[in-house]
Amino acid sequence: MTGRYGRYALLRAAQAVIVILLAYVLTFLVISVLPGDPITNTLRDPQNGLSEDEIQQIVAHYGLDKQAIIQLFLSLGRFVTGDLGFSLQSNLPVAQLLGDSLPSTLALAGTALLLAVVFAVVIAYGAQYLPGRVAPGLLRSVPSLFLSVPNFVIGLVLIELFAFRLHAFTIIDPDSAVATFFAALTLAIPVSAPLAEILIANLDHESRQEYVLVARSRGLTKTRLFARHLVKPSMLPAVAMVALIVGELLGGAVITETIFGRDGIGTLVQKAVTSQDVPVLQAVVSLAAVVFVVVNLAADLVSPLLDPRLQPDRAAARTEPGVVVPA
Amino acid sequence: MTANLALLRPTGIPRAVRRAATGVPPTVLLAALVLVGVLLWSVAPGVFTSFDPVTGNTAEKLLAPSAAHWFGTDYLGRDLFARVVYGTASSVTSALVAVLIGLVLGSAIGLASGFLRGWVDTVLGRVVDVLLAIPGFLLAVVIVSSLGFQTINAAIATGVSAIAVFARLMRAETLRARGSVFVEASYLQGGNRLHALLRHVLPNAYRSVVALAVLQFGTSILVIASLAFLGYGDPPPASDWGLLVASGKAYATAPWLVYAPALVIVATVLSVNRISNWMRKAK
Amino acid sequence: MKNPTPLRRVLRGLAVVVASTALLAACAGSAAPAASGTGTGEPVEGGDLTFLIQGYDGGWVSSKSSISSYEGNLWGEITDKLVYADEAGELSPWIAESWEELNGATEFVLNLKEGVTFSDGSPLDAAAVVANLDLWAKGNPDLGIPKVGLFPGSNYDRAEATDSSTVHVYFSSPALGFIPTLGYHGTILLSPETLALPLEEQADLTNQIGSGPFTVKSWEQGDSYVLQKRADYEWGPEALGHTGPAYLDTITYKVIKDTAVRTSTVVSGQADVAFNIEPQEIESLKAQGFGVATPRYLGFTDGFQVNTSIFPTNDVAVRQAIQSGIDRQEILDTVYTEDWTAATSFLQGNVPETGDYSDLLAYDPEASEQLLDDAGWTVGADGYRVKDGQTLEFTLSPNPYVPSTQAEDELIAQQLKTIGIKVNLKVVDVSGYAAIQADKPPLFQTSRSFVDVGTVAGVLTSQNGGEDWWKLGTSDEKLNELSTGIATASDRESRAVLADDLQQYVLEQGYSIPTVQLVQRLYLTNPKLQGVSFNGLAYANFYTAWFSE
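Just so it is clear, the model here is predicted, and its values are computed rather than measured.

## Let's talk about the interface of chain B and chain A
Then, number 1: Between chain B and chain A, the residue contacts involve 47 residues of the former and 55 residues of the latter.
Then, number 2: Between chain B and chain A, the buried area comes to about 4,500 Å², and carbon and sulfur atoms account for 76% of it.
Then, number 3: On inspection of chain B and its partner chain A, the count reaches zero salt bridges.
Then, number 4: Where chain B packs against chain A, one counts four residue pairs in polar contact (both at pLDDT 80 or more).
Then, number 5: Secondary structure elements with two or more residues in the side of chain B that touches chain A: helix 4 (118–133), helix 5 (136–147), helix 8 (190–229), helix 9 (241–248) and helix 10 (256–281) of chain B.
Then, number 6: Here the residues of the side of chain B that touches chain A are counted per class, giving 30 nonpolar, 10 polar and seven charged.

As structure tokens, then:
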């Protein structure tokens, strides 16, 4: 298995690198479709107080005086060597801006992921094992409801209730533990829905499998069954999904951070969009792609080790959504 | 909330609507009614309200909901219900445009990948990987900021970020059909092969594609509302639902300016999701 | 918590809220305490004030053509000025204990208060004042720092320190605007060391050493700024009735972009002051006992400056049609409250030279249509006017510095639609607005505060490096004449006559289209906050503020 696994791992890693580079190129192309020229427009804004010499210097740094294709390769070259350029808005290195914003977003996304998983497990467990028909039926419709409420509405309601009425936290200190919890809740609700759905579906499927019947006949309690047999295999596709969910958390952070006034990657994007700060946008999107691809790669490399049923050859042939399929 | 989440739906996206209309649950009927209502709003808003969505009676500003003004009035005395109804066209039609873009481009990519295999599949597969690698909402934000802040651009952005989902599904369906088709059509020449493939793929695929499209419709409404909320859609006096919520939240003493459009969004998307769920389960 | 509520009531409230989704109703049930605001009783020492503000994106280089309304709030607490200008524009001594006007207002002598020091301990003496005056008048080209926009720089010759507490200032022609401008929020006194720093280091707020009642304790750009009081401060303006150290211990400026959130945060008792709230919320906030101050600065009114060099406002008929096509009373009734009044000129009503030109600004849509008809603009099928195949349309961007301008512009778009002019809206935030102003679209909202009418000449034309708001350059002879006359008048009476002509002419030509008297700085305050006063630039002085028990 090791030889075959090694080749598989190497192939997947190589593909991951290619996808990251292509994501950078795609973003570059999308941004350069821009009518007008955001970089020089911003530079010539008199409020920035840049002299003509300085403008020329920056233009030369970004190679804006060259053809688009050459600009692309220059830009890609800088990206590969870790140079993310400078923000047009604040003139600070983009890497520094990202570094400053990252901890806040990580705290938010991490908490949200945890909450989403907890919600999903609670909903799935309840839907599977609560007595009667009404309660499980209602629980099964919860994910659908969660998916129907816009993120910004959830945020506005939570802030109104818990910050302004119940004084559980204050917007003045958006990085406090409680404020982070509610921001994470905003983000977690829509994200937990698909997770719960897939857990429910997997539980439905697995509980029909024979080994569960056998175990049940041995007289194990439901809860222990749930824990011992079901969760682990059910979690496997969920692991693959985490990669997608990480991407969703980053995307959802734009709205959530804006509403809660957090200084994270999301607000960085929001500000960059309004001020057409191209280097920042380019860097954030590339970073998101890197995170996605790396998490995905990890999931793909770990899955075959978790469950012997997923040998590399079978794993490679999988067409599960969300998993990058080697050709 | 964004396009990619649709990928996470279980059961590899439904075999579909086999036992179609037998025993439709009441909630599905209700959902269908809501959707028909919303679609009518977008087609013929004038039938549902006699108020002008753009010019109001400034003497009647910030009135609470009443028999005359179902959703109250806004800060310029405009009837909020009229604004919601007239905003439906851009909020809902643009979601349809988004789904159409995702559906057409995504299906074409998926079909080409699955049918031609080889290097085409490899190349298109990477393109789809890349589209998947960028979080859908982030991609939409970047595209719309590149094209300019307009609702139609928000729709295009949302559509592009949904291409990958459709491509994935279509490729899988094509591959599934391919095996049997090529046995049957092995004696045929290229063009006929494609013809035979289409004959097999499309009837099978369209059910799952339709179910995905319905689902995407719901998420697209949310994505476009979110973009409008951030101010990336048409500027005022347009009345996209997300924009209504965003401009209404400045008026704390007139909470209906936020909750009326918010409830309309929730009711619409909930209905779409209910129908999508039912389609998936009605095998 | 401010209004202790039994748990059950909270829960019931919650249920009601969820059921009726009364999402954003602010503190509906709380009883209104007695209204307060101005100082009653003995000031109490101590206390920390939290001030919520939209944003700090402008950077901290002190001298630039204009200081934003946001940065101005903070500058006012860490620096002093030579002269204090009160709400009515009355001047009184501050760092300058007295002054003399000599030689037909071409020379001035400033006598400085002694013993004033900057927060780094260095003296605020005549030499320091000369360094500041030079910078305000000329900027520092070597460092790339522009002059202060409204400072009479074109005829400024030099300033000399005749002894450690006396400054003699020379102008090449009369400069009536000089003394009043010393009370302007752009003419803040900073340590000469600060002024000599390179641009990048001046951008660092920590390096900005002033002599004000507060000093910068800590800050995080774009997020929060903490000021603490200077215990040895004892040179406050006498006009405020208090010259010793501030009562408050600290002031924290916290950036909260969203207007509704700023308001609700103060209403819920989690902050003390919110800057720029939604005018239509004022009534209910006052009813709940909160203080709402709507000070008016001396300066230009709210409204539009017109770019006369581009389509369609290069046509005088269009400008005039817009002038009489705007219903200013409807704007007041709809968007604002009774704290606002209609503009009578393009200058604020509290500027002494401002006249009443209400008849030029009266709402008369028939006259507008007549003007457009006569100029060859015919009404097309869609209701909008066309001439030579071009639709009569332009795009407005609401001024993000002024509350409610989006609603105002939406309403103006409706009003102008009825006379066949199409107005599109483009909503941008503060950073996007800078680009709009640089672009100068047909109509753009910009205003400026000033203390003396003589300084308006600096923005009317391109003469003497003027800002040329209306893009006329020097093409309008009459305007050139009026503008030069006002800048160099040697007595106030003859200047007032010129100012009168100027206002009449500018409004007739439709160069400036005023709407309402501008309230650019609105303050929502906690009922416990006492003793807040406002200066002539409509900034709050928290120097004299204190919290009642």
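## Comments concerning the packing of aromatic side chains
To describe a pair of aromatic rings, you give the distance between the ring centres and the angle between the ring planes.
Then, number 1: Across all of its chains, the model carries 46 aromatic pairs over all chains by this definition.
Then, number 2: Between F169(A) and F260(A) the ring centres are 6.3 Å apart and the planes differ by 20°, which places this aromatic pair in the stacked class. Here F260(A) lies in helix 10 (residues 222–260) and F169(A) lies in the loop between helix 7 (151–165) and helix 8 (177–206), a separation of 91 residues in the sequence.
Then, number 3: By relative accessible area, F169(A) is classed as buried at 5%.
Then, number 4: Aromatic pair F151(C) and F178(C): ring centres 6.0 Å apart, planes at 90°, arrangement edge-to-face. In this pair, F151(C) sits in the loop between helix 3 (126–138) and strand 6 (156–163) while F178(C) sits in helix 4 (residues 178–181), placing the two residues 27 residues apart along the sequence. Take F151(C) and F178(C): they sit in the same class, and that class is buried.
Then, number 5: We note R78(B) situated over the ring of Y75(B); from NZ or CZ to the ring centre the distance is 5.6 Å.
Then, number 6: A cation over an aromatic ring shows up here: R158(C) above the ring of Y170(C), its NZ or CZ 3.8 Å from the ring centre.

## Side note on the packing of helix 9 (residues 316–325) of chain C against helix 11 (residues 365–374) of chain C
Residues and elements named next belong to chain C.
Then, number 1: Running from amino to carboxyl end, helix 9 crosses helix 11 at an angle of 170°, the nearest separation of the two axes being 8 Å. Accordingly, the angle class assigned to the pair helix 9 and helix 11 is roughly antiparallel. Along its contact with helix 9, which presents A317, V318, Q320, A321, S324 and G325, the element helix 11 presents P365, S368, L371 and L372.
Then, number 2: Considered class by class, the residues forming the contact of helix 9 with helix 11 number six nonpolar, four polar and no charged.

## Side note on the nonpolar core
Then, number 1: Counting 210 residues, the largest nonpolar core has F152(A), L227(B), I322(C), L416(C) and I421(C) as the members making the most contacts within it.
Then, number 2: In this structure, this core is formed jointly by two domains, domain 1 (3–80) and domain 2 (94–311) of chain A, each of which donates at least three residues.
Then, number 3: Residues L182(C), F300(C), Y433(C) and V459(C) belong to the second largest nonpolar core, which totals 110 residues.

## A word on the pairing of strand 18 (residues 422–425) of chain C
Residue and element names in this part refer to chain C.
Then, number 1: A one-sided burial pattern is seen for strand 18, the buried positions being V423 and L425 and the unburied ones K422 and N424.
Then, number 2: Sheet topology note: the strand 17 (residues 393–396)/strand 18 ladder contains four bridges and is parallel. If you follow F394 over to strand 18, its bridge partner there is V423.
Then, number 3: Each parallel crossover has a hand, and for strand 17 linked through helix 12 (residues 405–417) to strand 18 it is right-handed.

## A short note on a negative patch on the surface
All names here are of chain C.
Then, number 1: A grouping of E97, E114, D163 and E238 is seen on the molecular surface, where their side chains present a negatively charged patch.
Then, number 2: Among the secondary structure elements, E238 is positioned in the loop between strand 9 (224–229) and strand 10 (250–255).
Then, number 3: Under the relative-accessibility criterion, E238 is labelled exposed at 52%.

## Notes on the confidence of the model for chain C
All names here are of chain C.
Then, number 1: Of all residues in chain C, 92% have pLDDT values of 70 or greater, and the mean over the chain is 87.
Then, number 2: For the stretch residues 1–39, pLDDT sits under 50, and the model shows 55 contacts to residues farther than four places along the chain or on other chains.
Then, number 3: For this predicted complex, the interface confidence score (ipTM) comes to 0.85, while the overall pTM stands at 0.84.

## Describing the interface of chain C and chain B
Then, number 1: Between chain C and chain B, the contact holds 25 residues from the first and 21 residues from the second.
Then, number 2: Summed over both partners, the interface of chain C with chain B buries about 2,100 Å², with 56% contributed by carbon and sulfur atoms.
Then, number 3: Inspection of the region where chain C meets chain B yields two salt bridges.
Then, number 4: As a salt-bridge pair, D258(C) and K249(B) come within 2.1 Å of each other at their nearest N and O atoms.
Then, number 5: Elements represented by at least two residues in the side of chain C that touches chain B include exactly helix 10 (328–335) and helix 12 of chain C.
Then, number 6: In terms of residue count, helix 12 of chain C provides more of the side of chain C that touches chain B than any other element does, five residues in total.
Then, number 7: A per-class count over the side of chain C that touches chain B returns 12 nonpolar, seven polar and six charged.

## Quick look at unusual backbone geometry
Then, number 1: Note that the residue after P236(B), namely P237(B), is joined by a cis bond; omega there is 10°.
Then, number 2: Summarising the element assignment, P237(B) is placed in the loop between helix 8 and helix 9.
Then, number 3: Omega for the peptide link from F311(C) to P312(C) comes to -5°, which places this bond in the cis form.
Then, number 4: Mapped onto the elements of the fold, P312(C) is located in the loop between strand 13 (303–306) and helix 9.
Then, number 5: The backbone of R117(B) sits at a positive phi, close to 50°, despite the residue not being glycine.
Then, number 6: Mapped onto the fold, R117(B) is located in the loop between helix 3 (80–116) and helix 4.
Then, number 7: Residue class for R117(B) comes out partly exposed when judged on its relative accessible area of 36%.
Then, number 8: For K440(C), which is not a glycine, the phi torsion comes out positive at approximately 50°.
Then, number 9: A residue is classified by how much of its surface remains accessible, and K440(C), at 14% relative accessible area, is buried.

Criteria and thresholds
- Residues numbered from 1 in each chain as written.
- Chains lettered and ligands numbered in written order.
- Predicted model: local features only at pLDDT ≥ 70, side-chain atom pairs only at ≥ 80, totals over all residues.
- Heavy atoms only, no water.
- Contact = heavy atoms within 4.5 Å.
- Buried area = accessible area lost by both parts, 1.4 Å probe.
- Salt bridge = Lys/Arg side-chain N within 4 Å of Asp/Glu carboxyl O.
- Polar contact = N/O pair within 3.5 Å; in protein donor to acceptor, adjacent residues only side chain to side chain.
- Helix = DSSP H or I, 4+ residues; strand = E, 2+ residues; numbered from the N terminus.
- Nonpolar A, V, L, I, M, F, W, Y, C, P; charged D, E, K, R; others polar.
- Phe/Tyr/Trp six-rings, centres within 6.5 Å; stacked < 30°, edge-to-face > 60°.
- Buried < 20%, exposed > 50% of the residue type's maximum accessible area, 1.4 Å probe, protein only.
- Lys NZ or Arg CZ within 6 Å of the ring centre and 35° of its normal.
- Axes fitted to C-alpha atoms, helices over the stretch in contact; angles between N-to-C directions.
- Parallel < 35°, antiparallel > 145°, perpendicular 65-115°, else oblique.
- Core = buried A, V, L, I, M, F, W, Y, C linked by side-chain atoms within 4.5 Å.
- Domains from an automatic or database assignment.
- Pairing = 2+ DSSP bridges.
- Right-handed = clockwise from strand over helix to strand, strands pointing away.
- Patch = residues over 30% accessible without salt bridge, like charges linked within 9 Å, V, L, I, M, F, W, Y side chains within 5 Å.
- Areas by Shrake-Rupley, 256 points an atom, 1.4 Å probe, with all protein chains shown as cover.
- Lys, Arg positive; Asp, Glu negative; His and termini not counted.
- Charge placed at Lys NZ, Arg CZ, Asp CG, Glu CD.
- pLDDT = per-residue confidence, 0-100.

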